[in-house]
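Next come the chains, spelled out residue by residue.
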Amino acid sequence: MVPTPHWGMTCGSLGWPQGTLSPHATCPGDGGLGAMGQVHSCDYAFSFSPFPDPVLEARVRQLQTENVSEVTINHVEVTPLRTSNQKDLQALGLMEDGAKQDASNSAQMVHKVQTWWVEKLNQEKSDLNKRQKDLEVKLKNQDFWESQLKKREKAFVARKLKPKPSKPKPSPCTKKAKREEQTPPPKMRQVKKDLEQKSSSAINLNSFKQVPEKVVRPSRKQVFILACLECFISLDQLAQANNLLLSYFNRRLGQKHLTLPMYNSLLKAWAKKGSLHQISTLFSMMNESGLNPDLVSYAAALECMGRMDADFNLIKRCLNQMAQEGLKVENLFHHLALHQQKKMIILKAIQKVEPEFSPPLLLPSSSHNITQSPLLRDFYSKEEPVSYPKLSLPLLELQERFQQQLNLESAMTITIDSVEKKPLIKKNFHAVTLRTHNLIYSAFVPSPSSVQALFNLPPHGDSLVHLVMDLGMKVYNKNLIQMNMKSFVLDELKKKYMNYLHLLAKDTQLDSCLPREHWETLESEGTSCSNFLTQEKVWPDVLLVRLGTQLIEILVQSIYMPNSLSPSQATKRFIPVLYHVYSFLSIKQIGFIKPHPSFIQLVDEAAYTTLTFDVSVMPMLCPPIPWTSPNFGAYVLHPTKLMRCLDGTVQHQQLLESCPQGQLNAVLDALTQLGNCAWKVNQPVLDLVISIFNAKGNKKLDVPPPVSEAPTPPSYELSKGASSSEKAKLRREIAQCHKTAREMYSLRMDALYKLSIAHHLRDQIFWFPHNMDFRGRAYPCPPHFNHLGSDMTRAILLFAEGKPLGPNGLDWLKIHLINLTGLKKKESLQARLAYANEILEDILDSADNPLTGRKWWMDVDEPWQALACCMEIANAIRSPDPTAYISHFPIHQDGSCNGLQHYAALGQDVIGATSVNLMPCDVPQDVYSGVAQLVEELRKRDAAEGKSIAQVLEGFINRKLVKQTVMTVVYGVTKYGGRLQIEKRLKELDDFPKEHIWEASLYLSQLVFSSLGEMFSTTREIQDWLTKSAHVISKSGSAVQWVTPLGLPIIQPYHKTQKMTIPGNLQSLCLSSCSDVNQKPNTLKQKNAFPPNFIHSLDSTHMMLTALSCHRKGLTFVSVHDCFWTHASTVDIMNEVCREQFVNLHSQPILQDLSKFLPFPLGCSEQWPHRLILFSIPPIGNLDLQKVKESTYFFS
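What you see is a predicted model; the values in this text were computed from it and never measured.

**Quick word on the overall build of the protein chain**
Now for step 1: A count of helical and extended segments in the protein chain gives 45 helices and 24 strands.
Now for step 2: Counting only residues that meet the buried cut, the protein chain has 52% of its 1196 residues in that class.
Now for step 3: Pairs at least 24 apart in sequence give 75% of the contacts found in the protein chain among residues at least 6 apart.
Now for step 4: For the protein chain, the accessible area works out to roughly 57,200 Å², and carbon and sulfur atoms hold 53% of it.

**A word on the UniProt feature "repeat: PPR" (unreviewed entry) in the protein chain**
Now for step 1: Per the UniProt record, "repeat: PPR" (unreviewed entry) is annotated on residues 259–293.
Now for step 2: Across residues 259–293, helical content stands at 80% and strand content at 0%; the span's end C-alpha atoms are separated by 11 Å.

**Digging into the nonpolar core**
Now for step 1: By size, the foremost hydrophobic cluster in this structure holds 139 residues, and its most contacted members are L671, L918, V927, L1004, F1090 and F1094.
Now for step 2: No other element matches helix α42 (residues 1083–1112), which puts eleven residues into this core.
Now for step 3: Ignoring sequence-local partners within four residues, the contact set of F1090 consists of L1026, A1030, V1040, W1042, Q1052, L1154 and L1158.
Now for step 4: F249, L260, A349 and V545 belong to the second largest nonpolar core, which has 84 residues in total.

**Brief notes about the sheet that holds strand β24 (residues 1123–1127)**
For sheets, the rule is that strands pair by backbone hydrogen bonds, running either parallel or antiparallel.
Now for step 1: The sheet built from three strands is open, its strands ordered β18-β24-β23 with antiparallel pairing. Each edge of the open sheet carries a strand with a single partner, namely β18 (890–894) and β23 (1118–1120). Pairwise comparison of adjacent strand axes, ignoring direction, gives a mean angle of 30 degrees for this sheet.
Now for step 2: Sheet topology note: the β18/β24 ladder contains five bridges and is antiparallel. Bridge pairing in β24 links P890 to H1127.

**Comments concerning the confidence of the model for the protein chain**
If pLDDT is low for a region, its predicted coordinates should not be looked at in detail.
Now for step 1: Taken as a whole, the protein chain shows an average pLDDT of 78; of its residues, 76% reach a score of 70 or greater.
Now for step 2: Within the model, pLDDT remains below 50 along residues 164–214, and this stretch shows 50 contacts once partners closer than five positions in the same chain are excluded.

**Here we look at the sheet that holds strand β8 (residues 578–585)**
Now for step 1: Here we have three strands laid out as an open sheet, ordered β5-β9-β8, and antiparallel in their pairing. Both outer strands of the open sheet, β5 (462–463) and β8, are each paired with one neighbouring strand and no more.
Now for step 2: Across eight bridges, β8 lies against strand β9 (residues 588–595) in antiparallel orientation. Counterpart to S583 in the pairing with β9 is I590.

**Remarks on the pattern of salt bridges**
Now for step 1: Counted according to the given criterion, the structure contains 26 salt bridges.
Now for step 2: We note a salt bridge from D614 to K474, for which the minimum N-O separation is 2.9 Å. A residue pair is termed long-range when its members are at least 10 positions apart, and D614 in strand β10 (residues 610–614) and K474 in helix α19 (residues 464–484) qualify at 140 residues.
Now for step 3: Given a relative accessible area of 15%, K474 falls into the buried group.

**Examining the packing of aromatic side chains**
Now for step 1: For the structure on display, the rule yields 25 aromatic pairs.
Now for step 2: Ring geometry for Y497 versus Y500: centroids 5.7 Å apart, planes at 55 degrees, classification tilted. In this pair, Y497 and Y500 both sit in helix α20 (residues 487–500), three residues apart, roughly one turn of the helix.
Now for step 3: Looking at Y500, the relative accessible area reads 0%, which means it is buried.

**Thoughts on the side chain of Q865**
Now for step 1: The residue Q865 is located in helix α33 (residues 863–877) in this model.
Now for step 2: If we ignore the near neighbours within four places in the chain, the residues touching Q865 are D791, R794, A795, L820, F889 and H892.

**Examining the side chain of S1119**
Now for step 1: Along the chain, S1119 turns up in strand β23.
Now for step 2: Those residues in contact with S1119 that lie beyond four places of it in its chain are L674, H787, L788, M1103 and F1124.

Rules and cut-offs
- Residues numbered from 1 in each chain as written.
- Predicted model: local features only at pLDDT ≥ 70, side-chain atom pairs only at ≥ 80, totals over all residues.
- Heavy atoms only, no water.
- Helix = DSSP H or I, 4+ residues; strand = E, 2+ residues; numbered from the N terminus.
- Buried < 20%, exposed > 50% of the residue type's maximum accessible area, 1.4 Å probe, protein only.
- Contact = heavy atoms within 4.5 Å.
- Areas by Shrake-Rupley, 256 points an atom, 1.4 Å probe, with all protein chains shown as cover.
- UniProt positions renumbered as here; feature names shortened; annotations may be inferred.
- Core = buried A, V, L, I, M, F, W, Y, C linked by side-chain atoms within 4.5 Å.
- Pairing = 2+ DSSP bridges.
- Axes fitted to C-alpha atoms, helices over the stretch in contact; angles between N-to-C directions.
- pLDDT = per-residue confidence, 0-100.
- Salt bridge = Lys/Arg side-chain N within 4 Å of Asp/Glu carboxyl O.
- Phe/Tyr/Trp six-rings, centres within 6.5 Å; stacked < 30°, edge-to-face > 60°.

Shown next as C-alpha cells:
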C-alpha cells in the first residue's frame, strides 16, 4: 500500500457547506478531504451546524449509548461558530490552521452542555421501561400468550439477522421471458416466423455494425472526483491532487471509484514536471487496481522520459510493454491531443531506442471511402469534378473578421448600446458608490460577467436555482476558454483557420471539397491543435451548483448601498443590495434573489444605456469553424456541443463519441452548411420597429410595451367588515397584476435584447453557427437574435449575398407576400399571384408610408415580414430591370402539416397522402378544413339524434377551432391535451355560452380524434405500433434508441426523476433530474414521446438531405425545421431538390430497419416474448411516392 500523507482543507468553497447534515462527511483516515466536498465513501458520518442543535446532539448521544446494530458512528464533527470573516476566509480556502482544534474545542464544550432535550429523552426511556414492566406483570399468569409472544419475537429477530441470498441479476429481457415461458400456439409461432423472415430479408444485418456499442458511463461520484482532480491540476496543486487519489487508493472500497482518466490526468501533470518517480508510482497503482494503461498513459510516460533524458533500457521496457498491450507507437502522434512540443519530446525518447523511427503522415478521412447510407452515395461520389459555392467576401476581409471574432471570444463578454431610450436624470450615478467586501473583488474581478448579473436582475428577482446554475456555468465556460487560450493552441488555430478561408473566399481558386474535408486535410498537414479544444472537462451539476451557491452568497453578503441617495445627508447607513426571499409557485416554495427597490430605482435613474452579453449569445463575425467531431466546431474558443441537451445529460454525447469514424459526416456537413450562410440586417425595417418600441410598443404588431404600462395593483385596504370572498378576490387581483407585470417585463427585455443586438450589427455581416437537439433538429446557437425568432425578428434579417431575381423571382416575391398574409391559403399559386397584382397599390403604399398610409400590412398574419416583402417588391418594380434586381430577401416554402406527410409516406396511405398534398392537385388540400368538415358532419348526426351539446355547437365548428389539435396530434398530444386546446379556442368566442365550454371541448376532442382515425387510419396504426414498442422496451429497463437514415444515433433521455438536496447557507437547493441513466426509464414518457420524436428525426433527416443537395447545386439554403428558405431566383430549384430528397428518404425500408434495430441495444434473445411486438409492423398501402415530385403544394 502507498502511504497516505496528510492533506488539509484547501478549497472549502467547493465542498459541502458547513452546518448541514452531509451524506459524505469526513471519515477517520480519509486524507482530510474536509470541505472540498467530502467525496470519500463513508457508511455513516455526520457533520453538524455551527449553531449547536440540541435535538441532534441528544439523538447522537442516545445512539452512542444504545446498542443499535444497524448504525455505526465513525466520527462526529461539530463545526464551531464562525464569524463572517472566518466564513469568508474558509470559503476561499484561506483558513486551514486551527480548524481541527476549533472543532475539538467545540466538541468538548458540547459535552459539558446539558439541555432539556436530553432530560426529555431520558424521561421517555424511563417511561418506556415502566410500561414494559407493567405489561410483564399483566402477562405473568398467561403462559400461553407469553410463549406465543416469545415465539414471534424469536422469529422476527431471526428474519432480521438472516442474510438475504444474493441472486444473479437477470437481464431485462429474461425477467419477463421466465414469467412467460409457455409456448405460443402454432398459429402465433408461424406469424412470428413469417415476420422475422420478412424483416431479415428487408434488412442487411451488416448495417448494424455502425451502431455504437453500449458505453460504460461513469457514476456521479467518479465524475465529481475527476473534476476535483482537474481543478487541483489546473491550479498546479499536484500534491493535493496526488493525495486525493491516494486517499481512495488506500481504502478497499475506494479503489472501485478510481478510473483510468483519473490516473491519466495525474500522469500528464507529473510528466510535465519530469517526475519519473511519480510516474512509476502511478503505473504501479494502476496495475494493482487492475487497470490497463492506454495510449494517454504511455504518452505521459514517454514525455517524462524525454524530458529527463532517461536511459536506453528504461525507454525500451516502456515500448516493449506498449507492444505487449497491443498499442502502436504511431498512434501516439495521431490519436491523441498533443501539441508539437510534446510530440517532439516523445519522438526524442522513441528515437533514442529506434533511431530510424518517424511518425507517418496522417491522411485525411475521405467521406466517399467510408460506407455511407444509400441516400448519400451520389452526394459524396467524386467520380466527376465537383465545384462548391463560395462566399461573396474576399480573403483579406474574412481574415480580418476572424481576428475580430477571436478578440471578442478572448474577452468573453461584449458591451453594446441599448436601443431603449430612457429619460436622462440629472443625478450623477457615479457619485453613488456601492460598498463591497474585499472578497467581492477576489471573487469577481476575473469574471466581470458575474457582477453584470447584478444589473440584469429583474425587479421581481430571479430564482436562486437559475442564478446558481448560470454563475456556475459562467465559471465553467471561462475555465475551458482559458485552457484553449494557450499560446501554442491559438497560434496553430490561427494558421489553420487562415488557410481554411481559402476554401470560402471569392478571390481564391480552391472549391473542390467540403469545409469539413478541407479542415481535416489541414489537420493532417500541420500539428494537431483542435484536439485541445475538444478535451472538455465535464463538471458535474452538483459541483456547478455548489460553486454558483458560493458566488451568490458572496454577492448577497458583500454588496451594500447607501440607504439614502440624497447628497445632503451627512451620515449614511449602508443596506444590502440583494435579498433572499421565498415565493410560491403553485404549491412549491421557491427561493428568490431579489434586488432592493432602492437599487432598482438607482439603476433606472442612472439611465443605463448599455447591455453586456456573453460572446456565446452573439452571432459570429466570421464563418463558423466547420464541425469535424461531436466536440469541435462552431465558435472559435467558446466550447459548443454538437448536440444540445439538459445539464447533467451525458448519454447523447457518449453515443456520438462512440460512433465509428465517418458515420456522422453527413450530419456534420449539413450543420456546417447551415452555419455558413451569411446574414445582414434589414435597416429600414429595424428603424421602424425601434421607433414603435420606444413609443410604448404596439400590441397589434406584437411589439411589447414597457413595464410602466402594466396595470396598477389595487389598494390593499379593505373595509373592516370585508368578507373572506372579498379578501380572496383582492388577493387574486393583486397576484394577477404582479403576474402581468412579470410577463410584460420578460417580453420587453426579450425584444430589447433582439433589437439591441440587431442594431449593434446593423452595418455588419454575421453568421449563425448551428447545432442540434437530441432528435437531430437543427437550431442556431445564438439564443436571442436568429431566424427562428418571431415575425419581428425574421423581418429584420436578409441574406448577405444577393442574387438577381431572374425571370420568376418577382412572381415568387408576390406569392410569398400573399402566403404571409394568410388570406389565400386555399387558392392556387396562380390565384395568389393574381391577387397580389390586384392589390399592388396597397403593397406600394405600405412600402412608402408604413405608419401614415392605409396600413394594409398591419391586418395580416405576419405583419412585419409582410411589410419587409412590400418594400422588396417596391424596390424591384421601380428598378430599371426587375429581372436584374439584386435581391437579398429570403423566400419561404413551408411543408403542409409535415408530420402527417411523413406518417402518410411511411404507411403509403393514399387517402392520407392526398389530404396533406403528397399527391398532385390543382389547388392545395387543407387537412384542417377536411377534419373540420368531417367533425361537422358527425355533429349534425348527433344533433339530429337529440344530443344537446351537439345542438349547442351548431354554427361554431370551423377550421381554426380544430387546427391546433390536428397539427399536434401527430406529435403525441393526448385527448386531455386536445380538450384543453379546444377549450382555449372556445373561450375566445364571445358568443359561445361559457357554461357549456367544458362539455363542448370534451365532446369535440373526441370527434376530432375519431375523424383523424378515419382519415389517417394507417397513421394511427403506425403511431400505436411505435407506442407499444416503446412501452415494452422501457418496461425491460432500457431507454428507446434508434439510428436515423443518416446514421445519427438517438436515445430518449426520459428516466425516473431523481432528486438531490444540496445544502447551502441561504437555503437548501433541491435538484431534480429526469435524465439520469442510472435511474429506470420513465415508461409513460418513453412511450408517449417516441412517435413524435421519431417523426422529428425523419423531418430533420429530410432537411439535412435537402441542405446538402442545395449546397451541391450552389444554392443559399437555411431552414426553420420544415420551412425552407432560399433566394427568390432559386425557389424552383430548391422545390425540386426538396421533393427528390423526400422520395429518396421514404424509398428506404425505414420501418423495417427500425423494427430490426429496436431490440438490438437490449441484447435480447430470440425467446424474448415481446420481440413479436417489435416485428409486427403495420401493413402499408400502395402509394406511388414518385407522385410527390409532381405535387405543387407539397412544400409551398
